[in-house]
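Understanding the architecture of this molecule
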Amino acid sequence: MSTQARDPHFPQLHLRPPRHWLNDPNGLVFHDGYYHVFFQYNPLSARHSDMHWGHFRSPDLLTWELLPIALAPTPGGEDSEGVWSGNAVEADGELIAFYSAKHTGRWYQPVARAVSRDGGLTFTKHERLIVAEPPAGATMFRDPYVWRDGERWRMLVGAALDDGRGAAVQYSSTDLTDWAYQGIFLARAPEPLPGGGTTAQGWECAQYAHFGDGRGAVLISAWDPHEGALCTAAWPGHEEGGTFVAGSAQRLDHGPDFYAPALLPAADGRWLMWAWIWEARDEERVGARSEWTDEVGWAGMLSLPRELTLGDDGTVRQRPAREVERMRGERRIGATGEARADQPAVLGEIGRICDISVRLETAGGLRLITDVAGSEYLDIVREPATGEVVVDRTHASLDPRAKGGSWRLPAQAGPVDLRIVLDHSVAEVFTAEGQALTLRHYPVGDAPWRLQAISAGTAPVPYAVEAWDLAGLPIHDKRPESERTS
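Residues numbered from 1 in each chain as written. Predicted model: local features only at pLDDT ≥ 70, side-chain atom pairs only at ≥ 80, totals over all residues. Heavy atoms only, no water.

Next up on the list: the environment of Pro25. Structurally, Pro25 can be placed in strand 1 (residues 20-31). C-alpha separation for the pair Pro25 and Ala262, spaced 237 residues apart in sequence, amounts to 6.3 Å. Setting aside residues no more than four positions away along its own chain, Pro25 makes contact with Phe38, Phe39, Ala260, Ala262, Trp274, Ala275, Trp276 and Leu302. (Helix = DSSP H or I, 4+ residues; strand = E, 2+ residues; numbered from the N terminus. Contact = heavy atoms within 4.5 Å.)

Next up, the structure:
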């Protein structure tokens, strides 16, 4: 990227502009030979306000362009307070975006539409809102998701209902302009999620992945009217008569810093997914003011692209897109052996952007040490009693403003194979069974990063570890000078 924040926590593998605020991925679509990733963007500061759609595109998920702002609020218009989240589709050679129109004094966000005939560089907004009012009984309404179903188009909108349920309500259209309400696609009272959290009273960014034979999965971001954004969930299931028959709710990502996942149906048949990875600095809650963020001038990044599949057992599974492996460079570590509680195994140094594969036995784990004295470290360890993988950032930053805590990944009995992708201040952890955990950490030590294999029990624990350097994403800034310097 031609300009980059000087903050050592700034990512090089994860998409984000050089400065200012980023949140939800929007408008994910493959169009005219490019993957397009739009995103919620404040072009003026690192605070959550004044939402526009920023725009990345790539021919291969490896080389990216940062393009001019695609959509901006219209002064005095229906979206004067922000062009908020939505998605995009390709139809008849055009790129058509659907988004939530934010306006002061309106508790809901109606659906607006805009069309691009130049590959997403510029958009012309439709003269009217295409879904101007929420359905009866809704108390929250935002974030359209549109997809083609045979000869018609369908739309989900995230909602909360006055009976306390979160919901995805649905509409249909034959021309992408006139939409008819079709009722509730899926609704649920708040229910606990495995590993913590609930599905909450409101659903943002409702998405639908269909896998053939009527099977599919509904993805949502759980939103509470008092606490705001919480976590993500997925329901596998199938359609019957235009509604979704859901199985048990699953936690989509088991970490604390992953939200607003959005889907892209790729040309090769894959379901790709990006999400918003927020900060874990000194803000009281998601989206609140942060003095630390104001200092560094940026906030938020997009996750790695992930491939989403549905297992035969109904489990929603994910893994880094296969293109990430093509970014591997030098293999820094290739080691096997045994770790003891009183004698960790020193594995070697790694880069701050790296890809780690590790096989862990029960009570085994890795420690990422980021300072000279060894007092700043991130632990990824199997708990002997449960076999769960615990990712602990309690000691991951010597800066007292950084958030701490630990989170758990479910794991099967026996050895567990993990893949861990690190990028300066973010760790994305995946099990071989397709479970994921995303977590921010803010090392301030200036020593080379190094890995140890450790034991959480009394007996020696076998390990097998490989680690590769990863190349940072080449991002070519194609924005006008006025956007670069604002």
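What follows is about the sheet that holds strand 10 (residues 152-161). Ordered by their spatial adjacency, 4 strands build an open sheet running 9-10-11-12, and the pairing between neighbours is antiparallel. What marks the edges here is a single partner per strand, and that holds for strand 9 (138-149) and strand 12 (180-188). Across this sheet, the average inter-strand angle for adjacent strands is 25 degrees, counted without regard to direction. (Pairing = 2+ DSSP bridges. Axes fitted to C-alpha atoms, helices over the stretch in contact; angles between N-to-C directions.)

For the rest of this paragraph, the subject is the pairing of strand 12. Direction of pairing for strand 11 (residues 166-173) relative to strand 12: antiparallel, over a ladder of 7 bridges. Its bridge partner being in strand 12, Ala167 is matched across the sheet by Ala187. Between strand 11 and strand 12, which pair antiparallel in sequence order, lie 6 residues; one of them, Leu176, sits at a positive phi of approximately 70 degrees.

Judged by pairing direction, the sheet is mixed, and its 6 strands sit side by side in the order 20-1-2-3-4-36 without closing on themselves. In this open sheet, the two strands that pair with only one neighbour each are strand 20 (298-299) and strand 36 (475-477). Where strand 4 (residues 64-71) meets strand 36, 3 bridges bridge the pair, whose relative direction is parallel. Each residue of the ladder has a partner; that of Trp64, found in strand 36, is Ile475.

Here we come to the pattern of salt bridges. Overall, the coordinates contain 40 salt bridges when judged by the stated rule. Salt-bridge contacts for Glu323 lead to Arg270; the nearest nitrogen and oxygen are separated by 2.8 Å. On the criterion of sequence distance, the pair formed by Glu323 in the loop between strand 23 (316-320) and strand 24 (328-339) and Arg270 in the loop between strand 18 (259-265) and strand 19 (271-277) is long-range, its members being 53 residues apart. Judged by relative accessible area, which is 9%, Arg270 ranks as buried. Three or more residues joined by partner-sharing salt bridges are found here, namely Asp268, Arg270, Glu307, Arg322 and Glu323. (Salt bridge = Lys/Arg side-chain N within 4 Å of Asp/Glu carboxyl O. Buried < 20%, exposed > 50% of the residue type's maximum accessible area, 1.4 Å probe, protein only.)

Okay, the packing of aromatic side chains next. Scanning all chains against the criterion turns up 24 aromatic pairs. Ring geometry for Phe38 versus Trp53: centroids 5.5 Å apart, planes at 40 degrees, classification tilted. Residue Phe38 is located in strand 2 (residues 34-42), and its partner Trp53 is located in strand 3 (residues 52-58); the two are separated by 15 residues in the primary sequence. For the pair formed by Phe38 and Trp53, the shared burial category is buried. Ring centres of Tyr208 and Phe244 lie 5.7 Å apart, and the angle between their planes is 75 degrees; this geometry places the pair in the edge-to-face category. Separated by 36 residues along the polypeptide, Tyr208 in strand 13 (residues 202-212) and Phe244 in strand 16 (residues 243-246) bring together distant segments of the chain. Each member of the pair Tyr208 and Phe244 is classed as buried. Feature note: the residues Phe39, Tyr41, Phe56, Trp64 and Trp274 constitute an aromatic cluster, connected by ring pairs. When the ring centre of Tyr34 is taken as reference, the NZ or CZ atom of Arg57 above it lies at 4.1 Å. (Phe/Tyr/Trp six-rings, centres within 6.5 Å; stacked < 30°, edge-to-face > 60°. Lys NZ or Arg CZ within 6 Å of the ring centre and 35° of its normal.)

Everything listed here is a matter of geometry and, on its own, says nothing about what the molecule does.
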